[in-house]
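Chain by chain, the residues run as shown.
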Amino acid sequence: KKGWDAPTSLKMVIESFIRQFQSMNDAYMRERAVDIEDMGNRVLANIIGISANEPISREPHEQTILIAEEVTAVMLAEFPSEKLVGIISIRGSNNSHAAIMARAMGVPAVMGLDNVPIAMLRDKEILLDGYTGDVIVSPNGTIRHEFDQLILEEKLLSERIHSEDTLPAVTKDNCTMSLLVNSGLSLETEVSTNPYSDGVGLFRTEIPFMMRQRFPTEQEQVELYKGLLESEPNKQFTMRTLDVGGDKPLAYFPIVEENPFLGWRGIRLTLDHPEIFLVQIRAMLRASFDLDNLNIMLPMITSVSEVSEAKRLIRQAFNEVEEEAEEKGVRLTMPKIGVMLEVPAVLYQLPQLAKIVDFFSVGSNDLTQYLLAVDRNNARVAGLYDSYHPAVLSALHSIAKTSGFLQVPVTVCGELAGEPGGVVLLVAMGYRKLSMNTHNLLKVKWIIRNIYQNEAEQLLAKVVTLNNPGDVRSEVNLFLETTGLGGLVRAGN
Ligand code: PEP
Ligand code: MG
């Protein structure tokens, strides 16, 4: 093969043979793909001078791009973060939890790189553009220079944004926004406190469960949650109950399903296993002794009865923990209880839900997935997953209006709330609380400080008449450019 070194060329040829064998009709011949692979690996091992049986494991290089068939959230959590400068996942998409985690870590990631054998990328110098999804292997001087320019522009923009970090999040026509952070995806690399935030709008509790070989004990959870609640005791901290399932599996609690995103996920699983739910709630409550900043949020709510059942269990846990609080002479406050709005069914049950919860929080990631019937993790249909789809925008708008009418506080905590165009549209819809990863917070504040709410409303009025997400994106980008926020357009893609 032209342009590739011997090991890479060999690997490409072997892989094409493997594909050929795998597509054969005869089962015996299909099986021979394994032999080809084995033989290929032996020759390859000889060429690169290692024993075929020796696993290729070594200390990551100082500046490593992690490349895998499918990069998972756990892989990212386990990788030495100080050495991680980029991520390439051959499968998966930009909306997976691994991608959300990469954004939270501020590491560029390209998800869903079709038809590229990993061997082609191993040990190569790679330029990676997380905004455009470009991956350039062994770049020449001109391209390097272009990337240096882009990095410099990004740095200048970021300095400008940071120069306004202490100013309030208020639009030019005095609409005040509350900005919160999402945390929990990577406990070490991502700080859940942010001096410029109004609190934590979404703490995802899954990763501490995924990183272990067994369920964390109540005491282990108490210690973790206590540290978090105490870190900023005067700010609200919203903890979400366990939302495993979908693309967040627990190795020690395997779930085998045809359609995991339509399956046993979030509240469905924890209501079927109240012991898991009760331990977690008790841990949250015990962690909140003498504090009053805990809010509890329930994921994947589809029916009002799930909320009633969850509230019954929360009350049970509260009664149990209350005794302990009395014995210890510490204060225990009943937390506010809210639900994620992320399954389309709840759009039609807001008045009923409003009667039994203290707040709503819109999970635009799943709302987009379920409204559009597009698996958020499937690279093949990733092009169809778009929160700018008119149906998604209409749903978001309707939630804002109805929540306002019902006087239920509402936050948006999906990725849209941290994206430049999304912020403008959400402000226009009437949302006043946005929760995003900590890296995006100052950028979002800068956007808010540079727009007029009434101009955002005019933009919204225009985009709701459009039929294609692409047209919406063009209008929104044009708005950002004419508002002097053009530098963020690239970053919003
Ligand atoms: C969402 O669905 O928008 C959300 C915030 O939750 P998660 O991404 O963890 O499913
Ligand atoms: Mg969700």
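Reading the values: the criteria
Residues numbered from 1 in each chain as written. Chains lettered and ligands numbered in written order. Predicted model: local features only at pLDDT ≥ 70, side-chain atom pairs only at ≥ 80, totals over all residues. Heavy atoms only, no water. Donors = N, O, S within 2.8 Å, 3.2 Å for Na, K, Ca; no water. Helix = DSSP H or I, 4+ residues; strand = E, 2+ residues; numbered from the N terminus. Buried < 20%, exposed > 50% of the residue type's maximum accessible area, 1.4 Å probe, protein only. 1 Å grid on protein atoms, 1.4 Å probe; cavity = no way out; pocket = protein on both sides within 12 Å on 5 of 7 lines; lining within 4 Å. Points joined across faces, edges and corners; volume = space filled by probe spheres on them. Nonpolar A, V, L, I, M, F, W, Y, C, P; charged D, E, K, R; others polar. Domains from an automatic or database assignment. Pairing = 2+ DSSP bridges. Contact = heavy atoms within 4.5 Å. Phe/Tyr/Trp six-rings, centres within 6.5 Å; stacked < 30°, edge-to-face > 60°. Buried area = accessible area lost by both parts, 1.4 Å probe. Salt bridge = Lys/Arg side-chain N within 4 Å of Asp/Glu carboxyl O. Polar contact = N/O pair within 3.5 Å; in protein donor to acceptor, adjacent residues only side chain to side chain.

Asker: Just give me the short version of the coordination of the magnesium ion (ligand 2), but keep the residues and values in it.
Answerer: Around the magnesium ion (ligand 2), the protein contributes the donor atoms Glu-342 (OE) and Asp-366 (OD), at 2.0 to 2.1 Å from the metal centre. With Glu-342 in the loop between β10 (336–341) and α11 (350–354) and Asp-366 in helix α12 (residues 364–372), this pair connects stretches of sequence that are 24 residues apart. When sorted by exposure, Glu-342 lands in the same class as Asp-366, which is buried.

Asker: I'd like a description of the layout of surface pockets, backed by residues and values.
Answerer: As a volume, the second largest pocket reaches approximately 700 Å³. Here the residues of the lining of the second largest pocket sort into 6 nonpolar, 6 polar and 8 charged. The residue makeup of the lining of the second largest pocket includes at least three contributed by each of domain 1 (6–158) and domain 2 (167–488).

Asker: Just give me the short version of the pairing of strand β7 (residues 199–203), but keep the residues and values in it.
Answerer: Counting buried residues along β7, 5 of its 5 residues qualify, which places the element largely inside the surrounding structure. For strand β6 (residues 178–183) and β7, the ladder comprises 3 bridges, and the chain directions are parallel. Across the sheet, residue Ser-183 finds its bridge partner in β7, namely Phe-203. Sheet analysis places β7 next to strand β8 (residues 236–240), joined by 3 bridges and oriented parallel. What sits directly across from Val-200, in β8, is Phe-237.

Asker: Help me get a handle on the side chain of Ser-364, residues and values and all.
Answerer: Tracing the sequence through the fold places Ser-364 in helix α12. On the basis of relative accessibility, which here comes to 1%, the residue Ser-364 falls in the buried class. Discounting chain neighbours no more than four positions away, the residues touching Ser-364 are Tyr-385, Ser-387, Val-412, Gly-414, Glu-415 and Leu-416.

Asker: Give a description of the packing of aromatic side chains that names residues and reports values.
Answerer: All chains considered together, the criterion is met by 6 aromatic pairs. Residues Phe-209 and Phe-215 carry aromatic rings whose centres are separated by 6.2 Å and whose planes lie at 75° to one another, so their mutual orientation is edge-to-face. Exposure remark for Phe-209: the relative accessible area of 1% places this residue in the buried category. For Phe-215, a relative accessible area of 27% puts it in the partly exposed group. Seen from their ring centres, Phe-215 and Phe-253 are 5.6 Å apart, and the 70° between their planes marks the pair as edge-to-face. Of the two residues, Phe-215 is situated in the loop between α6 (206–210) and α7 (218–231) and Phe-253 in the loop between β8 and α8 (267–272); the sequence distance between them amounts to 38 residues. A relative accessible area of 18% means that Phe-253 is categorised as buried. In textbook terms, an aromatic cluster arises when at least three aromatic residues are bridged by ring pairs, as seen for Phe-209, Phe-215, Tyr-252, Phe-253 and Trp-264.

Asker: Describe the domain arrangement of the protein, with residues and values.
Answerer: Taken domain by domain, the protein holds domain 1 (6–158) and domain 2 (167–488). Here the C-alpha centre of domain 2 lies 32 Å away from the C-alpha centre of domain 1. Counting residues at the interface gives 19 residues for domain 1, matched by 24 residues for domain 2. When domain 1 packs against domain 2, the two sides together hide about 1900 Å² of surface, and 64% of this comes from carbon and sulfur. When the buried surface of domain 1 facing domain 2 is broken down by residue, Asn-95, His-97 and Ala-104 rank first, second and third, together holding 32% of it. Joining domain 1 to domain 2, the criterion identifies 1 salt bridge. Between Arg-103 and Glu-415 there is a salt bridge, with its nearest N and O atoms 2.7 Å apart. Our count for the contact surface shared by domain 1 and domain 2 stands at 7 residue pairs in polar contact (both at pLDDT 80 or more).

Asker: Tell me about empty space enclosed by the protein, and please be specific about residues and values.
Answerer: Under the counting rule described, the total for this entry stands at 5 cavities of 30 Å³ or more. Approximately 80 Å³ is the volume found for the largest cavity. Forming the walls of the largest cavity are 15 residues, and the residues nearest its centre are Arg-204, Arg-240, Glu-342, Asn-365 and Asp-366.

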